[in-house]
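# Coordinates in review
Next come the chains, spelled out residue by residue.
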There are 2 protein chains.
Amino acid sequence: MRFTEMLAAAWQKNDSLLCVGLDPDPEQFPASVRKSPDALFEFCAAIIDATAHFVCAFKPQIAYFSAYRAEETLERIIAYIHARHPGIPVILDAKRGDIGSTAKQYAREAFMRYQADAVTLNPYLGFDSIEPYFDYPGKGVILLCRTSNPGGSDLQFMEGTEGERLFERVARLAAGAWNKTGQCALVVGATFPAEIARVRSLVGDMPLLVPGIGAQGGDIAATVKAGKTAAGYGLILNSSRAILYAGQGNDYAAAARIAAQQTRDSINRER
Amino acid sequence: MRFTEMLAAAWQKNDSLLCVGLDPDPEQFPASVRKSPDALFEFCAAIIDATAHFVCAFKPQIAYFSAYRAEETLERIIAYIHARHPGIPVILDAKRGDIGSTAKQYAREAFMRYQADAVTLNPYLGFDSIEPYFDYPGKGVILLCRTSNPGGSDLQFMEGTEGERLFERVARLAAGAWNKTGQCALVVGATFPAEIARVRSLVGDMPLLVPGIGAQGGDIAATVKAGKTAAGYGLILNSSRAILYAGQGNDYAAAARIAAQQTRDSINRER
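The following paragraphs examine the structure supplied in this document. (Residues numbered from 1 in each chain as written. Chains lettered and ligands numbered in written order. Predicted model: local features only at pLDDT ≥ 70, side-chain atom pairs only at ≥ 80, totals over all residues. Heavy atoms only, no water.)

Quick look at the overall build of chain A now. On a plain count of helices and strands, chain A comes out with 12 helices and eight strands. Taking 18 Å as the expected radius of gyration for a compact globule of 271 residues, we find that chain A reaches 18 Å, a close match to that expectation. By its C-alpha atoms, chain A is 55 × 45 × 35 Å across when sized along the principal axes. Burial analysis of chain A (271 residues in total) assigns 63% to the buried set. Looking at chain A alone, contacts between residues at least 24 apart form 72% of all its contacts between residues at least 6 apart. Surface summary for chain A: the accessible area is close to 9,300 Å², and the carbon and sulfur share equals 50%. (Helix = DSSP H or I, 4+ residues; strand = E, 2+ residues; numbered from the N terminus. Rg over C-alpha atoms; globule rule 2.2 N^0.38 Å. Buried < 20%, exposed > 50% of the residue type's maximum accessible area, 1.4 Å probe, protein only. Contact = heavy atoms within 4.5 Å. Areas by Shrake-Rupley, 256 points an atom, 1.4 Å probe, with all protein chains shown as cover.)

Dropping the structure here:
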């Protein structure tokens, strides 16, 4: 199944726009987990099983694995999601961006090695840095557009001579000339609802991956209102730390389940 | 030693502005090497030993390792350079770009895990996506500015309302407010000498990493003329394929040595 179809099916089946981000930081694990030789896997598998019925996607952040020489663990975690929770798409958050011959290697990494259903990419190098990912025609290609970190405006908010800002140009290209397989999506931060609405107006029903729900403080009501499609979908609302570390003790998985369900329900009240 | 000092010492010691890019593609290895269970390492080590006296830096491209589950090989290759050719800086070409908490993990990956002396980064997410790398104060932080791939102009050439193009804004910030440790450098492609000159005019003597010498067809004379500092330094001119695959048979290391020496000498004739 193609990424957008898989996502649409998960939106409906779990009645959820929530994505759980897997950014496992061993320093924040409960002591009992931290002691295990396979702590990263155990922690993530417990979070996955606890939250899978309340999400539309999982989004592992590769940096948290590569910093700890744990690529093989990431492979196992993604395989675990596919085996235990088939139908939930896995978005590899890698934000790769490189020229064609190197992009081919990164596409191979994301889709063949890790078996991700979609990958996040950085558009700074332009179309040919995105193109090799379209060689995997069912896979999702999610481009950074507008981010909500403090420096997000340093470049993205630059206004061009035609009155178009940089992030608007990315949105226009992603929805138009660049979207060769119909599997493009965009990353748009949660702290600027007016800009989510602006992006939505530029891209039709394209899925928007919105980090910043939860720990990063984005307002759920404003985000959903600004970003949802007419049918009440179109959003992948990511929460990482607020779910992963909802509980500090051995009940962390149960606490994550409650946090995920509550976040999903808070989102649904605004749809 | 700090990255810029290490680089300056290597420029002088080897009388070279040439950087050899390590983008090892097993499909292009000689048959004898391809058969080895440790082919990636053997190929790179042979290239490194053959060319180390003619370079100012080595630049491994991480995608060529991560696509083949070979991160551990990349660790060994970088350790090999440090052990056998101390003083030659290693630039990890990773083009990472993410928000602060994730950038911390990527910085750990580049500088603690891989022991690189510098890393390439993508500036699209702004200053706080760069800042965590400055926690390693001697390490080089090399930002994408202007790339020479076909899509390089899609975003980088966008002209702002103040007449400043996106790549010029990156250059200005990298040479100014962002350069907290004095260890910033920029990536500027070789196919637009006028733009190399423009960047040089914005950044003083900051090192410029220029891919595209050799296989990508950038003109050495025009590049050196446009990018060198008054003292005849300031450039890290990268060649990958034209050196790595200079010979197709068992003489590939000797062929790489000759290609590296000739490229270095061609560059020096223009300084």
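Read on, since the account is not over.
Turning our eyes to something else, we now look at the pattern of salt bridges. In the structure shown here, the tally under the stated rule is 38 salt bridges over all chains. Between D98 of chain B and K95 of chain A there is a salt bridge whose closest N-O contact spans 2.9 Å. Residue D98 of chain B is located in the loop between β3 (91–96) and α6 (100–113), and its partner K95 of chain A is located in strand β3 (residues 91–96); the two belong to separate chains. Here D98 of chain B matches K95 of chain A in class, with each residue buried. Among the salt bridges present, the one from D15 of chain B reaches R271 of chain B, with a minimum N-O distance of 3.2 Å. Of the two residues, D15 of chain B sits in the loop between α1 (3–13) and β1 (18–22) while R271 of chain B sits in the segment after α12 (252–269), which places them 256 residues apart along the sequence. On the accessibility criterion, R271 of chain B (25% relative accessible area) is partly exposed. Overlapping salt bridges, with partners in common, bring together K59, D93 and K95 of chain A together with D98 of chain B in one network. (Salt bridge = Lys/Arg side-chain N within 4 Å of Asp/Glu carboxyl O.)

Of the residues lining the interface, 56 residues belong to chain B; the matching set on chain A comes to 56 residues. Across the chain B/chain A interface, buried area totals approximately 4,900 Å², and carbon plus sulfur atoms make up 52% of it. Sorting the residues of chain B by area buried against chain A places Y124, L155 and M158 of chain B first, and these three jointly supply 17% of that buried surface. Applying the counting criterion to the chain B and chain A interface returns six salt bridges. Residues E75 of chain A and R69 of chain B are paired through a salt bridge, measuring 2.5 Å at the closest nitrogen-oxygen approach. (Buried area = accessible area lost by both parts, 1.4 Å probe.)

Bringing the relation of the copies chain B and chain A into the picture now. Mapping between the two chain copies consists of a rotation about an axis together with a translation along that axis. It takes a turn of 180 degrees to lay chain B on chain A, together with a shift of 0.0 Å along the axis; the resulting RMSD is 0.0 Å. Here the transformation between the copies is reduced to the relation of a two-fold axis. Within chain B, the C-alpha atom positioned nearest to the axis of rotation is that of G160 of chain B, 2.1 Å from it. Comparing interface residues between copies, 100% of those in chain B also lie at the interface in chain A; the contact surface is shared. (Least-squares fit on C-alpha atoms with pLDDT ≥ 70 in both.)

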